Amino acid sequence: MEKGITSTGYQLPPLELLNEYAADGNVVPEEEIAGKIDAVRNALGNGKVQVKDIKAVPGPAVTLYKVYPERKVSCSKIRVLMTEIALDLHWKGVRVIALEDSIGIEIANEHRTLVPIRSVLSDGAFRNSNAELPVAIGQTFGNKVKVFDLAKAPHLLIAGATKQGKSVGINVIITSLLYSKHPSELKFVFIDPKLVAFSVYARLLKHYLAVLPGACSEEDEQENVIVKTQKDADRILRSLCIEMDQRYELLSKAGVNNIRLYNEKFKSRCLDPEIGHRFLPYLVVVVDEYADFTMSPWGDHETKTASRSITNSIVRLAQKGRAAGLHVILTTQRPSVGVISGVIKSNFPMRIAFRVASRTDSWAILDSPGAEKLIGSGDMLLSAGIDSERIQCAFVDIDDEIEGITRYIGEQKGDGKCYTSPYYLPPVEDVASNVDVHSLDERFEEAARMLVTTQRGSTSDLQRKLGIGYAKAGLIMDQLEAAGIVGCPEGSKPRQVLVPDLNTLQPILDAFLKR
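Residues numbered from 1 in each chain as written. Predicted model: local features only at pLDDT ≥ 70, side-chain atom pairs only at ≥ 80, totals over all residues. Heavy atoms only, no water.

Examined against the element boundaries, glutamate 442 turns out to sit in the loop between helix H15 (431-434) and helix H16 (444-454). On the accessibility criterion, glutamate 442 (63% relative accessible area) is exposed. Through-space distance from the C-alpha of glutamate 442 to that of isoleucine 476 is 9.3 Å; in sequence the pair is 34 residues apart. Of note is the side chain of glutamate 442, whose polar atom sits 3.1 Å from the side chain of lysine 472. (Helix = DSSP H or I, 4+ residues; strand = E, 2+ residues; numbered from the N terminus. Buried < 20%, exposed > 50% of the residue type's maximum accessible area, 1.4 Å probe, protein only. Polar contact = N/O pair within 3.5 Å; in protein donor to acceptor, adjacent residues only side chain to side chain.)

Take a look at the structure:
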């Protein structure tokens, strides 16, 4: 990664803006480790599991004890024995996992160590990373800094109970990206129903934020650059879908299949700006408390329609956004199947789970237990597929450190266009503005029931089954989209049907047919 001053004079924020913390307690006392090794050996011996060796790998909050049994033994048997001793000795955070050469037993330290954001960002694993979007999320066992590439994730789901570290984790991710990418290379879209989670980043408007045209002015930038309402979230997400489609057209014209190759070709002057080619920054969409935008059981019809549209847009971005440089981060404190649906999980392979209340919640996030055994305050599981890795999330002070970072960036003035004005997304119109839902087609209700029954939003199906022409079928499909029954067009593929069953459809029909 290139650090420091760039051709436009922009300077990445220095590490001196971040706090240093005392290093006391970075090493787990030998007597604590020895005592726990003896206790584990005795517990397993009482259960007739003979042990050749136990090795400790300390971490900032949790230590991994690698157990090497004398003979092959099931992990489930050790898990039962460790559950019993954990209750007897009041050990916290005990989790038993299968390793390649041993069985791992994770036990919380008696005194946990803070992992400062400065220590992970100054580590060679981050400074020397070749990742496109490097994120230094924290430390794992052996106090090793964990770095992952958001560009390869390619999307991230973060869930956990309240006050367990989600907000700090999100800010660690954002800080990592601010310390590694120039404003011309990266833009953020912040969607925040709580109104305050991302307000500190408003001063980055001209450097790192992407907004809709006319969304802000010099006078009210602090109020409008962070998307707060459901209607605004729907509009900007649909605009991002348009941006994504436009980028795919540029990639196709350039004869490449991803944004990295496209930008390399553009910087090599192989693409002509006169015919629309441009440098494409990565777009990272951060949605705080996703459930607040999608779960609206008591809202009016317009609110429910916006909820379905938001879900549809996020799924589209997750399915197609990677090659075009669009990456989505979702957070929620409600890890239920109603929020983290199967469609969302299938498109968000990388997930972070902070502590949750129950085993059921852990299954909803990770498809496995374990998150209910975490000890809170940044203790997390990072899953990139089948296996999960336990990490102590780094700590960044929102009121002090992030305030200083955003002020340092926001005060920089330069002649580069990349940070003298926001990155403007394509304009988007309300779907209803182009469709007169007050004069619905006489086959509207019949078509709606047919599509919801078949769960297939195909214009050709309307033509064939209703015996109508293409123009009429297209008009009805536009009206169904305006009513929130089907999603946006997806090329030659059938549209997604947003209404799951006829019982859900009936109130929508009542609302429109009574107009």
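This part is about the pairing of strand S3 (residues 95-98). Where S3 lies against strand S4 (residues 103-108), four bridges are found, and the strand directions are antiparallel. Bridging from a neighbouring strand, valine 96 pairs with isoleucine 105 of S4. Connecting S3 to the antiparallel partner S4 that follows it, the hairpin turn spans four residues. (Pairing = 2+ DSSP bridges.)

It is worth spelling out the nonpolar core at this point. Grouped together as the largest cluster of nonpolar side chains are 63 residues, with contacts concentrated most on Ile137 and Phe188. Top element by residues in this core is helix H5 (residues 166-178). It accounts for six residues. Residues Ile236, Val287, Tyr290 and Ile314 belong to the second largest nonpolar core, which totals 42 residues. (Core = buried A, V, L, I, M, F, W, Y, C linked by side-chain atoms within 4.5 Å.)

This part is about the packing of helix H1 (residues 30-46) against helix H2 (residues 75-89). Remark: H1 packs on H2, axes separated minimally by 10 Å, with the N-to-C direction vectors making an angle of 125°. The angle between H1 and H2 falls in the class oblique. As for how H1 packs across H2, the hand of that crossing is right-handed. Facing Ala39, Val40, Ala43 and Leu44 of H1, the residues of H2 in contact are Ile78, Leu81, Met82, Ile85 and Leu89. (Axes fitted to C-alpha atoms, helices over the stretch in contact; angles between N-to-C directions. Parallel < 35°, antiparallel > 145°, perpendicular 65-115°, else oblique. Left-handed = near helix turned anticlockwise from the far one by under 90°. Contact = heavy atoms within 4.5 Å.)

This part takes up the environment of proline 213. Along the chain, the position of proline 213 falls in the loop between strand S9 (210-211) and helix H7 (221-224). Spatially, the C-alpha atoms of proline 213 and tyrosine 424 are 5.8 Å apart, while their sequence positions differ by 211 residues. Once residues lying within four places of it in the same chain are set aside, the contact partners of proline 213 are Tyr424, Leu425, Pro426 and Pro427.

Moving on to the sheet that holds strand S8 (residues 186-191). The strand order across the open sheet built from nine strands is S6-S5-S14-S13-S12-S7-S11-S10-S8, with neighbouring strands paired in mixed fashion. Among the strands making up the open sheet, the edge pair consists of strand S6 (145-149) and S8. Shown here is a sheet whose adjacent strand axes are inclined to one another by a mean of 25°, direction ignored. Sheet analysis places strand S7 (residues 156-159) next to strand S12 (residues 350-353), joined by four bridges and oriented parallel.

Let us look at the pattern of salt bridges. Under the criterion given, the structure shown has 24 salt bridges. Through salt bridges with shared partners, one network takes in Arg95, Glu106, Asp379 and Arg390. (Salt bridge = Lys/Arg side-chain N within 4 Å of Asp/Glu carboxyl O.)

On to the sheet that holds S4. The strands that make up a sheet are held in pairs by hydrogen bonds between backbone atoms, and each pair lies either parallel or antiparallel. Read across the open sheet, the four strands follow the order S1-S2-S4-S3; overall the sheet is antiparallel. With one partner strand each, in any of the chains shown, strand S1 (51-57) and S3 form the two edges of the open sheet. Taking the axes of each pair of neighbouring strands and ignoring which way they run, one obtains an average angle of 25° across the sheet. Here S1 pairs with strand S2 (residues 62-69) via six bridges, running antiparallel. Among the inter-strand pairings, valine 57 is bridged to a residue of S2, identified as leucine 64. Docked against the sheet, H1 engages S1, S2 and S4, running at close to 145° with respect to S1. Helix-sheet contacts for H2 involve S3 and S4, and the interaxial angle to S3 is about 165°.

What follows deals with the side chain of asparagine 171. Within the element layout of this structure, asparagine 171 appears in helix H5. Overall, asparagine 171 belongs to the buried group, its relative accessible area being 2%.

The subject of this paragraph is unusual backbone geometry. For the peptide bond that leads from alanine 153 to proline 154, omega is -10°, which places it in the cis range. Looking at the element boundaries, proline 154 is found in the loop between S6 and S7. Here the phi dihedral of asparagine 143 falls at roughly 55°; this positive angle occurs in a residue that is not glycine. Tracing the chain through its elements places asparagine 143 in the loop between strand S5 (134-139) and S6.

With that settled, consider the packing of helix H8 (residues 230-254) against helix H9 (residues 259-267). Between H8 and H9, the least distance of the axes is 10 Å, while the angle of their chain directions is 60°. With respect to H9, the axis of H8 lies oblique. Between H8 and H9 the crossing geometry is left-handed. Taken together, the residues of H9 that come into contact with H8 (itself represented by Arg247, Leu250, Leu251 and Ala254) are Ile259, Tyr262 and Lys265. Residues of the contact of H8 with H9, tallied by class, amount to five nonpolar, no polar and two charged. (Nonpolar A, V, L, I, M, F, W, Y, C, P; charged D, E, K, R; others polar.)

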